[in-house]
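Analysis of the macromolecular model
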Amino acid sequence: MKNALEPEQEARFEPRSYGFRPGRSCQDAISAIFRTAKGKNPKRLWVLDADLSAAFDRIDHDHLMTMLGQFPARDLISGWLKAGVIDRGRLAPTEEGTPQGGGAT
């Protein structure tokens, strides 16, 4: 699934984003910041580093499925999203959100 979806999604992604991206690392982000900020008159005066609390907990399943368009494995991904989570031996339904790093993110 990752190999099928990743090329298109990477093409749409913000080029200045480095978190959890294939072929990118913290060192790449640091290097980009250094190149942008060095010199007598830097064009950028700030850096944004964001860690959004519970961001993956709030992903809307319907919106995510819409973003997949006519992808052939839509039913499989929908099943993963609705599969639920077992926590301390109890099944909790998943009406929204997806595990970070899971197959559907």
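See the structure printed just above.
Please read all numbers here as calculations on a predicted model, not as lab measurements.

Section: the overall build of the chain
Of the regular secondary structure elements, the chain holds four helices and two strands. Each helix and strand of the chain, ordered N terminal to C terminal, gives the series α-α-α-α-β-β. The C-alpha radius of gyration computed for the chain amounts to 18 Å, which surpasses the reference 13 Å derived for 105 residues by more than 25%, pointing to a less compact arrangement than a globule. Structurally, the chain occupies a C-alpha span of about 55 × 35 × 20 Å along its principal axes. Evaluated residue by residue, the chain yields a buried proportion of 15% over its 105 residues. A separation threshold of at least 6 residues defines the contact pool for the chain, and within that pool the share at least 24 residues apart is 39%. Of the roughly 8900 Å² of accessible surface on the chain, a fraction of 55% belongs to carbon and sulfur atoms. Side chains of the chain carry 15 positive and 14 negative charges; the gap between the two charge centres is 10 Å.

What about the nonpolar core?
Counting residues in hydrophobic clusters, the biggest one holds eight residues: Leu5, Leu64, Met65, Leu68, Phe71, Ala73, Ile77 and Leu81. Mapped by element, the contributors of at least two residues to this core are helix 3 (61–67) and helix 4 (74–82). Excluding residues that lie within four positions of it along the chain, Phe71 makes contacts with Met1, Ala4, Leu5 and Ile77.

Brief notes about the environment of Thr94
By the secondary structure assignment, Thr94 is in the segment after strand 2 (90–92). On the accessibility criterion, Thr94 (15% relative accessible area) is buried. Considered as a pair, Thr94 and Lys82 are 12 residues apart in the sequence and their alpha carbons are 5.4 Å apart. For Thr94, the contacting residues outside a window of four places in its chain are His61, Leu81, Lys82, Ala83, Gly84 and Val85. Among the polar contacts listed, one links the side chain of Thr94 to the backbone oxygen of Leu81, at a separation of 2.6 Å. Looking at Thr94, its side chain comes within polar contact range of the main-chain nitrogen of Gly84, at 3.1 Å.

Observations regarding a nonpolar patch on the surface
Together, Leu45, Trp46 and Leu48 line one region of the surface with nonpolar side chains, adding up to about 480 Å² of accessible area. Mapped onto the elements of the fold, Leu48 is located in the loop between helix 2 (26–37) and helix 3.

Some remarks on the side chain of Arg21
Checked against the element boundaries, Arg21 lands in the loop between helix 1 (2–12) and helix 2. Under the relative-accessibility criterion, Arg21 is labelled buried at 7%. Separated by 3.0 Å, the side chain of Arg21 and the backbone oxygen of Glu14 make a polar contact. Excluding anything up to four places from it in sequence, Arg21 contacts Glu10, Phe13 and Glu14.

Some remarks on the pattern of salt bridges
Note that side chains of opposite charge can pair when their charged atoms are close. Under the definition given, this model contains five salt bridges. Between Lys2 and Glu6 there is a salt bridge; the shortest N-O distance is 3.2 Å. Placement of both Lys2 and Glu6 in helix 1 is noted, with a separation of four residues, approximately one turn of the helix. The exposure class assigned to Glu6 is partly exposed, which follows from its relative accessible area of 25%. Taking the shortest distance from any N to any O, the salt bridge between Arg12 and Glu8 comes out at 2.7 Å. In this pair, Arg12 and Glu8 both sit in helix 1, four residues apart, roughly one turn of the helix. With a relative accessible area of 49%, Arg12 lands in the partly exposed category. The class for Glu8 is partly exposed, based on a relative accessible area of 43%.

Cut-offs used in this document
Throughout, residues of each chain are indexed from 1 in the direction in which the sequence is written. Confidence filtering applies because this is a predicted model: local features only for residues at pLDDT of at least 70, side-chain atom pairs given and counted only at 80 or more, and all residues used for totals across whole chains, interfaces and linings. The side-chain numbers reported here are obtained from all heavy atoms of the structure, hydrogens and water having been left aside. Secondary structure elements are defined from DSSP: runs of H or I of at least 4 residues count as helices, runs of E of at least 2 residues count as strands, and each element is numbered from the N terminus. Only C-alpha atoms enter the radius of gyration, while the globule expectation follows 2.2 Å times N to the 0.38, with N the number of residues. The buried label applies to any residue whose accessible area, calculated with a 1.4 Å probe on protein chains only, is under 20% of its type's maximum; exposed applies above 50%, and partly exposed to all values in between. Note on definitions: a residue-residue contact is assigned when non-hydrogen atoms from the two residues lie within 4.5 Å. Only the protein chains shown count as cover for residues, and all accessible areas are computed by the Shrake-Rupley method using a 1.4 Å probe. When charges are tallied, Lys and Arg are placed among the positive residues and Asp and Glu among the negative ones, while His and the ends of the chain are skipped. A charged residue contributes its charge at one atom only: NZ of Lys, CZ of Arg, CG of Asp or CD of Glu. In this text, buried Ala, Val, Leu, Ile, Met, Phe, Trp, Tyr and Cys residues form a nonpolar core when linked through side-chain atoms within 4.5 Å. Pairs of N or O atoms are called polar contacts if they sit within 3.5 Å, as long as, within protein, a hydrogen donor faces a hydrogen acceptor (for residues adjacent in sequence, only side-chain-to-side-chain pairs). Patch members must show over 30% relative accessible area and no salt bridge, and they are joined within 9 Å when carrying like charges or within 5 Å when they are nonpolar side chains of Val, Leu, Ile, Met, Phe, Trp or Tyr. Salt bridges are counted wherever a side-chain nitrogen of Lys or Arg sits within 4 Å of a carboxyl oxygen of Asp or Glu.

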